[in-house]
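Chains, contacts and geometry: an overview
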Amino acid sequence: MDLRIFTEPQQGATYDTLLTVAKATEDLGFDAFFRSDHYLKMGSADGLPGPTDAWITLAGLARETQRIRLGTLMTAGTFRLPGVLAIQVAQVDQMSGGRIELGLGAGWFEEEHKAYGIPFPKEKFARLEEQLAIVTGLWATEPGKTFDFHGTHYDLTGSPALPKPAQARIPVLIGGHGATRTPRLAGQYADEFNMPFAGIEDSERQFGRVRAAAEAAGRGPDALTYSNALVVCVGKDDAEVARRAAAIGREVSELKANGLAGSPAEVVDKIGRYAAIGSRRIYLQLLDLSDLDHLELISAQVQSQLS
């Protein structure tokens, strides 16, 4: 079971804060550092000092880290044209020496689009399907050949399909709860399917849909890696768990029901139940980025029992 650190910088974080957490992620032996792709805070957080851009952040981290994988859960398809996104991600992959992964979603948070003047199309899923075809098609085009795509939303003619990533194939992540279209897209395009903030039964049901979609697309059901994203709140004792829950404005009972919370033993046990349904990777949503002791505890007493 891989453990990856997943951050939500729109809630309030500078680049330097993210760099500190990414370096701790690497030093403590975690597999990867991922971040969300949002430009506006959610809920009661102040969001200060303001948003940081996902791919600018990852470009910086690419040069400041050596081992960990880096990526997004999920890049919003509404934020970037697919040809531009393919260039950005390929360049950051080159900058990292081949450690980048692209999580790509349709985009959903209308308020952040209004706040920064970003068009918020009514039909987002059909755009996402074309974006996936274009991004993966550009990367897969042989050097010296050109790429064309003529869709409803995007039209590319004679693209040199450059630059190329450092990796032969940048892993593409697709995720979500949708019962029909999401599994179909994952079955066709994804290297990894991520089920965000879901219980074991719902995750198992969705993994089954994606496996069936992969088979329908002519791929084996195990062609994809299956993963979960869950909020994390671990403490050596009940008092420490309660303190960490309070720091992120959550109740311990709710975190235990919907995330990975409690003692290291409790969290290891719950991760084991996700592993039993086929999850091979957990993205630990770390909401208090100032609490590096939390990361050290997870590394020493949770990750060590899973490796």
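Refer to the structure printed above.
The structure reproduced in this document is the subject of the present report. (Residues numbered from 1 in each chain as written. Predicted model: local features only at pLDDT ≥ 70, side-chain atom pairs only at ≥ 80, totals over all residues. Heavy atoms only, no water.)

**So, the environment of Ala239**
The cut-off we apply is this: A run of H or I in DSSP counts as a helix once it spans at least four residues, and a run of E counts as a strand once it spans at least two, with each numbered from the N terminus.
By secondary structure assignment, the location of Ala239 is in helix α8 (residues 238-247). For Ala239 and Gly220, which are 19 residues apart along the polypeptide, the C-alpha to C-alpha distance reads 46 Å.

**Re the packing of helix α1 (residues 15-27) against helix α2 (residues 54-64)**
Where we set the bar: Here the axes come from fitting lines to C-alpha atoms, over the contacting stretch only for helices, and the angles between their N-to-C directions go from 0 to 180 degrees. Roughly parallel means an angle under 35 degrees; roughly antiparallel means over 145; roughly perpendicular covers 65 to 115; every other angle is labelled oblique. Rotating anticlockwise by less than a right angle from the far helix to the near helix defines a left-handed crossing, while the corresponding clockwise rotation defines a right-handed one. In what follows, a contact means two residues having at least one pair of non-hydrogen atoms within 4.5 Å. Gly counts as polar in this scheme, as do all residues outside two lists: the nonpolar Ala, Val, Leu, Ile, Met, Phe, Trp, Tyr, Cys and Pro, and the charged Asp, Glu, Lys and Arg.
At a closest axis distance of 10 Å, the pairing of α1 and α2 adopts a crossing angle of 45 degrees. Judged on the interaxial angle alone, α2 and α1 are oblique. Once α1 is placed against α2, the crossing between them reads as right-handed. Along its contact with α1, which presents Tyr15, Leu18, Leu19, Ala22 and Lys23, the element α2 presents Thr57, Gly60, Leu61 and Glu64. Of the residues belonging to the contact of α1 with α2, the class tally is 5 nonpolar, 2 polar and 2 charged.

**A few points about helix α3 (residues 82-96)**
Because an α-helix completes one turn every 3.6 residues, residues spaced three or four positions apart along the sequence face the same direction. To keep things clear, this is the line we draw: A helix is expected to span 1.5 Å multiplied by its residue count minus one. Here the term buried applies to any residue with accessible area under 20% of the maximum for its type, exposed to any over 50%, and partly exposed to those in between, with areas from a 1.4 Å probe on protein chains only. An arc is given here, and it is the one of the directions from the helix axis to the C-beta atoms.
In this model α3 runs 21 Å from its N-terminal to its C-terminal C-alpha over 15 residues, within 8% of the 21 Å that 1.5 Å per residue would give. When α3 is considered as a whole, its buried residues turn out to be Pro82, Leu85, Ala86, Val89, Ala90, Val92, Asp93 and Ser96. On an axial view of α3, the arc spanned by its buried residues comes to 165 degrees, and they lie on one face. Looking at the buried side of α3, the elements it contacts are α2, β4 (75-76), β5 (100-105) and α5 (125-140). Downstream of α3 by one or two residues, Gly97 has phi in the positive range, about 75 degrees.

**Quick word on the packing of α3 against α5**
Closest axis-to-axis distance for the α3/α5 pair is 9 Å, and the angle between their directions is 45 degrees. Taken together, the axis directions place α3 and α5 in an arrangement best described as oblique. Crossing hand, α3 versus α5: right-handed. Listed contacts from α5 to Pro82, Gly83, Leu85, Ala86, Val89 and Ala90 of α3 are Gln131, Ile134, Val135, Leu138 and Trp139. Classifying every residue of the contact of α3 with α5 by side-chain character gives 9 nonpolar, 2 polar and no charged.

**Topic: the side chain of Gln10**
We count it as follows: Two N or O atoms form a polar contact when they lie within 3.5 Å of each other; inside protein one atom must be a possible hydrogen donor and the other a possible acceptor, and for residues adjacent in sequence the pair counts only when both atoms belong to side chains.
Position of Gln10 relative to the elements: it lies in the loop between β1 (2-7) and α1. Side-chain polar atoms of Gln10 contact the side chain of Ser36, separated by 2.6 Å. In contact with Gln10, other than residues within four places in its own chain, are Ser36, His38, Leu40, Lys41, Met42 and Gly47.

**Description of the pattern of salt bridges**
Short version of the rule: By definition here, a salt bridge exists when the distance from a side-chain nitrogen of Lys or Arg to a carboxyl oxygen of Asp or Glu is within 4 Å.
Counting across every chain of the model gives 20 salt bridges. Between Asp31 and Arg4 there is a salt bridge; the shortest N-O distance is 2.6 Å. Of the two residues, Asp31 sits in the loop between α1 and β2 (32-35) while Arg4 sits in strand β1, which places them 27 residues apart along the sequence. Judged by relative accessible area, Arg4 falls into the buried class, the value being 1%. Of the charged contacts, one joins Arg205 and Asp202 as a salt bridge, the two residues approaching to 2.7 Å between their closest N and O atoms. One end of the pair is Arg205 and the other is Asp202, both in helix α7 (residues 200-216) and 3 residues apart, which spans about a single turn.

**A short note on the pairing of β5**
Note on strand geometry: in a regular strand, side chains alternate between the two faces of the sheet. Filter applied, for reference: Any two strands between which DSSP finds at least two bridges are classified as paired.
Counting buried positions over the 6 residues of β5 gives 6, a clear majority of the element. Burial along β5 is two-sided: Ile100, Leu102 and Leu104 facing one way and Glu101, Gly103 and Gly105 facing the other are all buried. Relative to β5, strand β3 (residues 69-72) runs parallel, the two being bridged by 2 bridges. Considered in β5, the bridge of Gly71 is made with Glu101. One ladder, built from 2 bridges, connects β4 with β5; its direction is parallel. Looking at β5, one finds that Thr75 is bridged to Leu104. Both β5 and strand β8 (residues 172-175) contribute to a ladder of 2 bridges, which runs parallel. Counted as the bridge partner of Leu102 is Val172 from β8.

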